[in-house]
Amino acid sequence: MPENTTEHGQSRTDPFVEPGHTGYTLVYDAADLVVGPADADSPNRLRRIEGGALVVADGRVVAVGDTADVTREYPAENADTAVDASGKAVTPGFVDPHTHALFAGDRSDEFARKLRGESYQEILAGGGGILKTVRAVRDASTEELAANLTEHLDRMLAFGTTTVEVKSGYGLDTETELRMLDAIDSAAGAHPVDVVPTFMGAHAVPEGTDADDYVDAVVEEQLPAVAEQGVAEFCDVFCDEGAFTAAQSRRVLEAGVERGLTPKIHAEEFARIGGSEVGADVGAASADHLLNATDEDAAALAEAGVTPVLLPGTAFGLGADYADPSLFDEPAIASDFNPNCYARSMGFAATLACVGMGMTPEDALVAATRNAARAVDRDDGLGTLQPGAPGDCLVLDAPSFVHVPYEFGESTVETVVKNGGVVYER
Ligand SMILES: N=CN[C@@H](CCC(=O)O)C(=O)O
Ligand SMILES: [Zn+2]
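Residues numbered from 1 in each chain as written. Chains lettered and ligands numbered in written order. Predicted model: local features only at pLDDT ≥ 70, side-chain atom pairs only at ≥ 80, totals over all residues.

The name given to the chain in an unreviewed UniProt entry is Imidazolonepropionase, with the source organism recorded as Halocalculus aciditolerans. Under the UniProt heading Function (unreviewed entry), the note attached to the chain is "Catalyzes the hydrolytic cleavage of the carbon-nitrogen bond in imidazolone-5-propanoate to yield N-formimidoyl-L-glutamate. It is the third step in the universal histidine degradation pathway." Among the UniProt annotations of the chain, the heading Sequence similarities (unreviewed entry) holds the following wording: "Belongs to the metallo-dependent hydrolases superfamily. HutI family." (UniProt positions renumbered as here; feature names shortened; annotations may be inferred.)

J.: What is the right way to read the packing of helix H6 (residues 174-189) against helix H7 (residues 211-229) from this model?
T.: If you want to describe how two helices pack, look at the angle between their axes and the distance between the axes. Interhelical geometry of H6 versus H7 gives an angle of 30 degrees and a closest axis separation of 9 Å. By the angle class used here, H6 and H7 are roughly parallel. The crossing of H6 and H7 is right-handed. Counting all contacts with H6, which are made through Thr174, Glu177, Leu178 and Leu181, the residues of H7 involved are Glu221, Gln222, Ala225, Val226 and Gln229. Split into classes, the residues belonging to the contact of H6 with H7 amount to 4 nonpolar, 3 polar and 2 charged. (Axes fitted to C-alpha atoms, helices over the stretch in contact; angles between N-to-C directions. Helix = DSSP H or I, 4+ residues; strand = E, 2+ residues; numbered from the N terminus. Parallel < 35°, antiparallel > 145°, perpendicular 65-115°, else oblique. Left-handed = near helix turned anticlockwise from the far one by under 90°. Contact = placed C-beta atoms within 7 Å. Nonpolar A, V, L, I, M, F, W, Y, C, P; charged D, E, K, R; others polar.)

J.: Explain the packing of helix H5 (residues 142-158) against H6 to me, please; I cannot follow it from the model alone.
T.: Put simply, H5 and H6 touch, their axes get as near as 8 Å, and they point 50 degrees apart. Taken as axis vectors, H5 and H6 run oblique relative to one another. Handedness of the crossing formed by H5 with H6: right-handed. Packed against H5, whose contacting residues are Thr142, Leu145, Ala146, Leu149, Thr150 and Leu153, the element H6 presents Arg179, Met180, Asp182, Ala183, Ile184, Ser186 and Ala187 at the interface. Split by residue class, the contact of H5 with H6 holds 8 nonpolar, 3 polar and 2 charged.

J.: Can you help me understand the site of ligand 1 in this one?
T.: Around ligand 1 there are 13 residues in total, and Ile130, Phe238, Asn338, Pro339 and Asn340 lie nearest to it. Taken together, the residues of the shell around ligand 1 break down into 4 nonpolar, 7 polar and 2 charged. (Near = placed C-beta within 6 Å.)

J.: Would you explain the domain arrangement of the chain in this entry?
T.: Many analyses report the size of an interface as the accessible area lost when the parts associate. According to the domain assignment, the chain consists of domain 1 (25-92 + 385-425) and domain 2 (95-375). Computed over C-alpha atoms, the centres of domain 1 and domain 2 are 30 Å apart. At the interface, 21 residues of domain 1 touch 20 residues of domain 2. Contributing elements (two or more residues each) for the side of domain 1 that touches domain 2: strand E2 (32-37), strand E7 (89-92), helix H15 (403-406), strand E17 (413-418) and strand E18 (421-425). Here the side of domain 1 that touches domain 2 is built from residues that sort into 14 nonpolar, 4 polar and 3 charged. (Domains from an automatic or database assignment.)

J.: What am I meant to see in the nonpolar core here?
T.: What tends to happen in soluble globular proteins is that the nonpolar side chains get buried as a cluster. Ranked by size, the top nonpolar core spans 139 residues in total, and within it Val27, Leu54, Val90 and Ile333 carry the most contacts. Setting aside residues up to four positions removed in sequence, Ile333 forms contacts with Leu310, Pro312, Ala349, Ala350, Ala353, Ala364, Ala367, Ala368 and Ala372. (Core = buried A, V, L, I, M, F, W, Y, C linked by C-beta atoms within 7 Å. Buried ≥ 20, exposed ≤ 12 C-beta atoms within 10 Å, placed from the backbone.)

J.: Would you take a moment to explain the confidence of the model for the chain for this structure?
T.: Caution is warranted with low-pLDDT regions, since their predicted coordinates should not be read in detail. With 95% of its residues at a pLDDT of 70 or more, the chain shows a mean pLDDT of 94. Counting contacts from residues 1-19, a segment whose pLDDT is below 50, to residues more than four positions away or on other chains yields 41 contacts. Interface confidence in the predicted complex, given as ipTM, is 0.98; pTM for the same model is 0.95. (pLDDT = per-residue confidence, 0-100.)

J.: Would you explain the UniProt feature "binding site: Fe(3+)" (unreviewed entry) in the chain in this entry?
T.: With numbering aligned to this structure, UniProt lists the feature "binding site: Fe(3+)" (unreviewed entry) at His98, His100, His266 and Asp336. A maximum C-alpha distance of 12.3 Å among these annotated residues, which run over 239 residues, shows that they cluster at one spot. Tracing the backbone through its elements, the reader meets His100 in the loop between strand E8 (94-96) and helix H2 (108-115). Counting through the fold element by element, Asp336 comes out in the loop between strand E15 (332-333) and helix H12 (346-355). The class of Asp336 is buried, set by 26 C-beta atoms lying within 10 Å. Here Asp336 is in contact with His98, Thr99, Leu311, Gly313, Thr314 and Cys341, once residues within four sequence places are set aside.

J.: Sorry, what's going on with the sheet that holds E18 here?
T.: Working definition: the strands of a sheet are paired by backbone hydrogen bonds and lie parallel or antiparallel to each other. The strand order E3-E2-E7-E16-E17-E18 describes an open sheet built from 6 strands, whose pairing is mixed. With partners counted over all chains shown, the strands left at the sheet margins are strand E3 (46-49) and E18, one partner each. Here the strands of the sheet are splayed against their neighbours by 25 degrees on average, with no regard to which way each runs. Relative to E18, E17 is paired through 4 bridges, and the arrangement is antiparallel. Each bridged residue has a counterpart across the sheet, and for Val416 the counterpart in E18 is Tyr424. (Pairing = 2+ DSSP bridges.)

Next comes the structure, spelled out in structure tokens:
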């Protein structure tokens, strides 16, 4: 653990410092400091500074610019922590806006079954897939669930994720959905990664249950209990063939809005059944997957200000056609880490976004940071390193940010700074 950091490596909570005073973290001499998306009128997609420096105080970026200029006001010798980034790229921490990172059990057998030709939906219809994980989660204690999530958060942090959304949805009854959300809360409270909790009771129809009856239970029992406990920020639904219809999805999300939960929707993943339209109508923060979305869907989402979240790892793992990013305004990308998509790395998602979906490295980086922050309704500069933004950044063992997607199969992340504290060093 570096000096001047707390148990979890968080920065000291000194009051906001005046220039020249102590109480700040400095990252300096970066070969390629990526501040974030450039101004709309700039010819470049990203604002990048060669030889750049960054200062974080009280958890927020307070200065960014050329190292000589920045260190005149914030010298290295006065810093609580000074990180020499010579020859290295520095980027905002990754925001992963779609995961099912809390689960139990093992579904590696299904990987082999899918390779032999069984489809995801056939496996689900036969009681496997999500339903297999539901059985394992119901059997696990809340402590075991929290420990599982902590292990995944550790790995995600090492891969550069500093904010992650995590869904419930493997309980499918009030007690287990609440236990999942409690486990998310307890793992999150003891971990440097910021965790955004999402209630997803409408993830699958439990075995032996009528779908409409189950939607009644989600709306009348689960949602009120979740809202009363204040343990979720978003409400999500799997709107697809073999899961919930557009009408059922609308009902769940509208009920969530009434209870103060912001909607999200899994839309047009396997079949185009109207999820985008529902997402647009209910004012969802994001519509996710979108493999089968059309121009019309993309236009509806754009008009309603819904962030499209593309999940290239899912298509890769399923051997399916990727979503088409050119349809969408400012798409985000996410890992979709879950037992069906065992990929915790946003760097890998960025590689697939480039190689599989045809995004540029610039677009992939913005998708994994600023646009991903929008998908979880964060508008405080998260996903950028502009002054005022959270002090979450990555120092890469590489000379430019392009190495994030370029070096696939391994991670370029050498140091992770969260709220100004060094929380991971390789
Ligand atoms: N498609 C629905 N839900 C998850 C998969 C969950 C699972 O298979 O366990 C997803 O977003 O990919
Ligand atoms: Zn999902």
